[in-house]
Amino acid sequence: MTKEKNVKYWIGKIHLWLGLSSGLLVLFLGLTGCILAFQREIESVTLSFRDIKNEQRAMLAPSELKALAEKVLPGKAVHSVSFYKKDRAAEVAFFSFEPAYYYTVYINPYDGKVLKVKDMNKDFFRVVLLGHLYLWLPPTIGTPIVGTATLVFLVMLISGLVLWWPRNKAARKQRFSIKWNAKWRRVNYDLHNVMGFYITWVMIFIVITGLVWTFQWFAKSVYWISSGGKSNLVAYYEPMSDKAGKATASLADAPVEDKVYNIMRAEYPAAEMIEVHIPENDTVSVAGVANPDIDTYWKMDIRYFDQYTLKDIPVKHSYGKFAEASVADKVARLNYDTHVGQIWGLAGKIMVFFASLVAASLPVTGFYIWWGRKYKKEKRKPVGVKQVAVA
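What you see is a predicted model, and the numbers here were worked out from it, not measured in a lab.

Asker: How should the overall build of the protein chain be read in this particular structure?
Answerer: Summing up its helical and strand segments, the protein chain has 11 helices and seven strands in all. Projected onto its principal axes, the C-alpha coordinates of the protein chain cover approximately 105 × 50 × 40 Å. For the protein chain, with 391 residues in total, the buried portion stands at 42%. When contacts within the protein chain are restricted to residue pairs at least 6 apart in sequence, those whose partners lie at least 24 apart make up 57%. In the protein chain, which carries 50 positive and 33 negative side-chain charges, the distance between the mean positions of the two groups comes to 20 Å.

Here it is as structure tokens:
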């Protein structure tokens, strides 16, 4: 069979040119993915100011923490107040698109002492994350670029698996191990070929979950498939409060954020994190979040309360009560935790770290394979050949 008629030959060509065109982006995404893999573990050491003494007494209410945080950041809008374990500081988040800002104020929830004011737009991991998501470009520009590179990488993983597939038993022995005592070109080939095979099975999950974020059509397709073709993805929305109840709401009562916090605390006593969102205006609902495990996100209960009547407002999208989520909703919720490996605990993070590291190396080893084949050194001329000098 000639090269022109060999399917593997043309798959190899596609693999090569896609690799050369997207290699730098794959390298960048792989390295930033490595950095983000252990963000929580690194922050547990570097953000030691979050650690406080458990005073075994009542914590300050969300409205009180909100007022304390507003004193250090006057004129900025509070987005949420978060309570963690009894030996960890509370967090008051300030967030706005226009004007753009994002701050976190860490406060001791027992005595109200401000422990740290952090500009999150200068936070190391957030800067890396924005590069990973958008290449530090406007999201409308950066997201399609990253998404396209990710889609190309998915094609490369599949085509690479086809190219890896051994033709016979003899070739099969060479596909699972690296021949370290060979010349560097052979070692480089094995690193690309063998390591690429091993990480493909992890990277496929990472790539697919990444594509869910970047392309709406891809997210809708995954949701439709996971629902068995029975339902379509409902975009996230924030339910509204009924302003008709505003006239009957008592002004003498506690602030609505305190009421929602008390409800969430009472109904989720074992939650490792309870968060209350501050309403932006007099029409939106007040969100209460309870997370039973702060190392993951998918099991969170997110409740929406009418800010005048405290009535529970049901939602049709994936991010409501966990017990009411369908299989497709739970798959959608799992997306982030799967992408970063958190769903499998520390072992999952280690797996994602090494998979991302190998993925970052593939464009480098692949480039050297191509370079070595295209630009081989010329063979030395045979000894004894007479050189003719030009007079």
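Further notes follow.
Asker: What exactly am I supposed to notice about the packing of helix α1 (residues 7-37) against helix α5 (residues 139-164) here?
Answerer: Relative orientation and spacing of two packed helices are given, respectively, by the angle between their axes and the distance between those axes. Packing of α1 against α5 brings their axes to within 8 Å, and their N-to-C directions diverge by 140°. By the angle class used here, α1 and α5 are oblique. Crossing geometry of α1 relative to α5 is assigned as left-handed. Across the interface between the two elements, Lys-8, Ile-11, Gly-12, His-15, Leu-18, Gly-19, Ser-22, Leu-25, Val-26 and Leu-29 of α1 pack against Ile-145, Val-146, Ala-149, Thr-150, Val-152, Phe-153, Val-155, Met-156, Ser-159, Gly-160, Val-162 and Leu-163 of α5. Residue composition of the contact of α1 with α5, by class: 14 nonpolar, seven polar and one charged.

Asker: Explain helix α10 (residues 327-339) to me, please; I cannot follow it from the model alone.
Answerer: Each turn of an α-helix holds 3.6 residues, which means side chains three or four residues apart point in the same direction. With 13 residues, α10 should reach 18 Å at 1.5 Å per residue; the first-to-last C-alpha distance of 18 Å fits that figure. Maximum bend of α10: about 30°, positioned at Arg-333. On its buried face, α10 sits against α4 (124-134), α7 (184-214), α8 (216-226) and α11 (345-374). Positive phi shows up at Gly-341, right after α10, with a value of about 85°.

Asker: Would you mind showing me how to read a nonpolar patch on the surface here?
Answerer: A contiguous nonpolar surface patch, about 740 Å² in accessible area, is contributed by Trp-17, Leu-20, Trp-184, Val-364, Phe-367, Tyr-368 and Trp-371. For the nonpolar patch, the leading source of residues is α11, giving four residues. Here Trp-17 shows up in helix α1.

Asker: Looking at this structure, I do not really get the packing of aromatic side chains. What am I missing?
Answerer: Think of a pair of aromatic rings as described by two things: how far the centres are apart, and how the planes are tilted against each other in angle. Taken as a whole and assessed by the stated rule, the structure comprises 26 aromatic pairs. Pairing Trp-164 with Phe-197 gives two aromatic rings, centres 3.9 Å apart and planes at 5°, and the pair type is stacked. Pair noted here: Trp-164 is in helix α5 and Phe-197 is in helix α7, with a separation of 33 residues, a long-range link. Each ring, one from Trp-217 and one from Phe-218, has its centre 5.6 Å from the other, and the planes form 75°; the classification is edge-to-face. We classify Phe-218 as buried; its relative accessible area is 12%. An aromatic cluster of at least three residues, connected via ring pairs, comprises Trp-164, Trp-165, Phe-176, Phe-197, Tyr-198 and Trp-201. Looking at Lys-76, its charged tip hangs above the ring of Tyr-101, at a distance of 5.4 Å from the centre.

Asker: Any chance you could explain the sheet that holds strand β4 (residues 114-119) here in plain terms?
Answerer: Strands belonging to one sheet form pairs held by backbone hydrogen bonds; the direction of such a pair is parallel or antiparallel. Taken in spatial order, the seven strands line up as β4-β3-β2-β1-β5-β6-β7 in an open sheet, and their pairing is antiparallel. Looking along the sheet, the strands with just one partner apiece sit at the ends: β4 and β7 (301-305). Geometrically, the sheet is characterised by an average inter-axis angle of 15° between neighbouring strands, direction not taken into account. Bridging between strand β3 (residues 101-107) and β4 involves five bridges; their strand directions are antiparallel. If you follow Tyr-103 over to β4, its bridge partner there is Asp-119.

Cut-offs and rules
- Residues numbered from 1 in each chain as written.
- Predicted model: local features only at pLDDT ≥ 70, side-chain atom pairs only at ≥ 80, totals over all residues.
- Heavy atoms only, no water.
- Helix = DSSP H or I, 4+ residues; strand = E, 2+ residues; numbered from the N terminus.
- Buried < 20%, exposed > 50% of the residue type's maximum accessible area, 1.4 Å probe, protein only.
- Contact = heavy atoms within 4.5 Å.
- Lys, Arg positive; Asp, Glu negative; His and termini not counted.
- Charge placed at Lys NZ, Arg CZ, Asp CG, Glu CD.
- Axes fitted to C-alpha atoms, helices over the stretch in contact; angles between N-to-C directions.
- Parallel < 35°, antiparallel > 145°, perpendicular 65-115°, else oblique.
- Left-handed = near helix turned anticlockwise from the far one by under 90°.
- Nonpolar A, V, L, I, M, F, W, Y, C, P; charged D, E, K, R; others polar.
- Expected span 1.5 Å × (residues − 1).
- Bend = angle between axes of the 7 residues up to and from the residue.
- Patch = residues over 30% accessible without salt bridge, like charges linked within 9 Å, V, L, I, M, F, W, Y side chains within 5 Å.
- Areas by Shrake-Rupley, 256 points an atom, 1.4 Å probe, with all protein chains shown as cover.
- Salt bridge = Lys/Arg side-chain N within 4 Å of Asp/Glu carboxyl O.
- Phe/Tyr/Trp six-rings, centres within 6.5 Å; stacked < 30°, edge-to-face > 60°.
- Lys NZ or Arg CZ within 6 Å of the ring centre and 35° of its normal.
- Pairing = 2+ DSSP bridges.

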